[in-house]
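Results of the structural survey
Single-letter residue listing:
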Amino acid sequence: GYIFLRGGDECFQRVAQRGEPFSFIDDLGEFMRRGIVVISQDHDARFEGVCNIIGEHREIGRKCADYFIKKGFRHYAFYGREDKSWSEERLKGYKEEIYACVPGCTFSSRKCQGDGSEWWWYDVTTLKHWLHSLPKPVAIMACHDSAAYHIIEACQNDPDGDLGIPERISVIGVDNDETVCLLCHPQLSSISRNVEQVGYEAAHTIDSLMSLPGDCL
């Protein structure tokens, strides 16, 4: 999402006439030309010419890999989003750490595409087919907790026992969303992110930018 400050209402009215929420607007030039302070916080992609506040996504991937490596896994997989920079960065960190520390391992990834609706209306049959194709026992990192929930749900009521958790499949999520983690059975393990600190960083950045002369923004 974005945080906008400084500027008149005219710019906001012109953008609003496009019929799009701010979070779906990729051209921030209109705001910048009007002297409106713009920062992007962990958006799907990175913007040039504005401040981007991003998480340590590659490091998150490494932490998940380290968690599984210490448990002695030889087979690994990743379930994420193809069109989201944060998912791609988590995949890179996860994969790099595994290949560096586990020679001869296997690795597979499945990355969904689309507008995000597949997180609500995902294809259980296709997901189960992918899970069945993985060598076992396998350690799977999901790009976030909702994706991990889908994996756990797909593994339930498996008739031949090939998708048993945690005997055959181990899953870890990201964000440590308490509601999602508690809904999972077995309960989901997840990497916690310091999201509260992001708000402080955003406020500090805005304060610094607001102190600059208008022609420096």
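The structure reproduced in this document is the subject of the present report. Just so it is clear, the model here is predicted, and its values are computed rather than measured. (Residues numbered from 1 in each chain as written. Predicted model: local features only at pLDDT ≥ 70, side-chain atom pairs only at ≥ 80, totals over all residues. Heavy atoms only, no water.)

Some details on the pairing of strand β5 (residues 106–112)
Along any regular strand, the residues point their side chains to alternate faces of the sheet. Two strands pair when backbone bridges link them, and strand β4 (residues 75–81) and β5 are joined in this way by seven bridges, in the parallel orientation. Note on β5: the bridge partner recorded for Y79 is R110. Tracing the backbone out of β4, into helix α4 (residues 85–101) and back to the parallel element β5 gives a crossover that is right-handed. (Pairing = 2+ DSSP bridges. Helix = DSSP H or I, 4+ residues; strand = E, 2+ residues; numbered from the N terminus. Right-handed = clockwise from strand over helix to strand, strands pointing away.)

Looking at the nonpolar core
Core analysis: the biggest nonpolar cluster contains 45 residues, and Y76, Y94, L131 and I140 have the highest contact counts within it. It is helix α6 (residues 145–155) that contributes the most residues to this core, six residues altogether. When neighbours within four sequence positions are excluded, L131 is seen to be in contact with K136, I140, I151, A154, C155, L163 and I169. (Core = buried A, V, L, I, M, F, W, Y, C linked by side-chain atoms within 4.5 Å. Buried < 20%, exposed > 50% of the residue type's maximum accessible area, 1.4 Å probe, protein only. Contact = heavy atoms within 4.5 Å.)

With respect to the packing of aromatic side chains
Summed over all chains, the structure comprises six aromatic pairs. Here F68 and F73 contribute two aromatic rings whose centre-to-centre distance is 5.6 Å and whose plane-to-plane angle is 80°, an arrangement assigned as edge-to-face. Neither F68 nor F73 differs from the other in exposure class; each is buried. Following the ring pairs from residue to residue traces out a cluster consisting of F78, Y94, Y99 and F107. (Phe/Tyr/Trp six-rings, centres within 6.5 Å; stacked < 30°, edge-to-face > 60°.)

Let's talk about the packing of helix α3 (residues 57–69) against α4
Where α3 meets α4, the axes come as close as 7 Å, and the angle between the chain directions of the two elements is 40°. As far as their axial angle goes, α4 and α3 are oblique. Classified by chirality, the crossing of α4 by α3 is right-handed. For the pair α3 and α4, the contacting residues are H57, R58, I60, G61, R62, C64, A65, F68 and I69 in the first and W86, E89, R90, K92, G93, Y94, E96, E97, I98 and C101 in the second. (Axes fitted to C-alpha atoms, helices over the stretch in contact; angles between N-to-C directions. Parallel < 35°, antiparallel > 145°, perpendicular 65-115°, else oblique. Left-handed = near helix turned anticlockwise from the far one by under 90°.)

Let's talk about the packing of helix α5 (residues 124–133) against α6
A pair of packed helices is captured by two measures, namely the crossing angle of their axes and the spacing between those axes. For the pair α5 and α6, the least separation of the axes is 10 Å and the interaxial angle reads 80°. On the basis of the axis angle, α5 is roughly perpendicular to α6. Along the contact surface, α5 presents V124, L127, K128 and L131, while α6 presents H150, I151, A154 and C155. A class-by-class count of the residues in the contact of α5 with α6 yields six nonpolar, one polar and one charged. (Nonpolar A, V, L, I, M, F, W, Y, C, P; charged D, E, K, R; others polar.)

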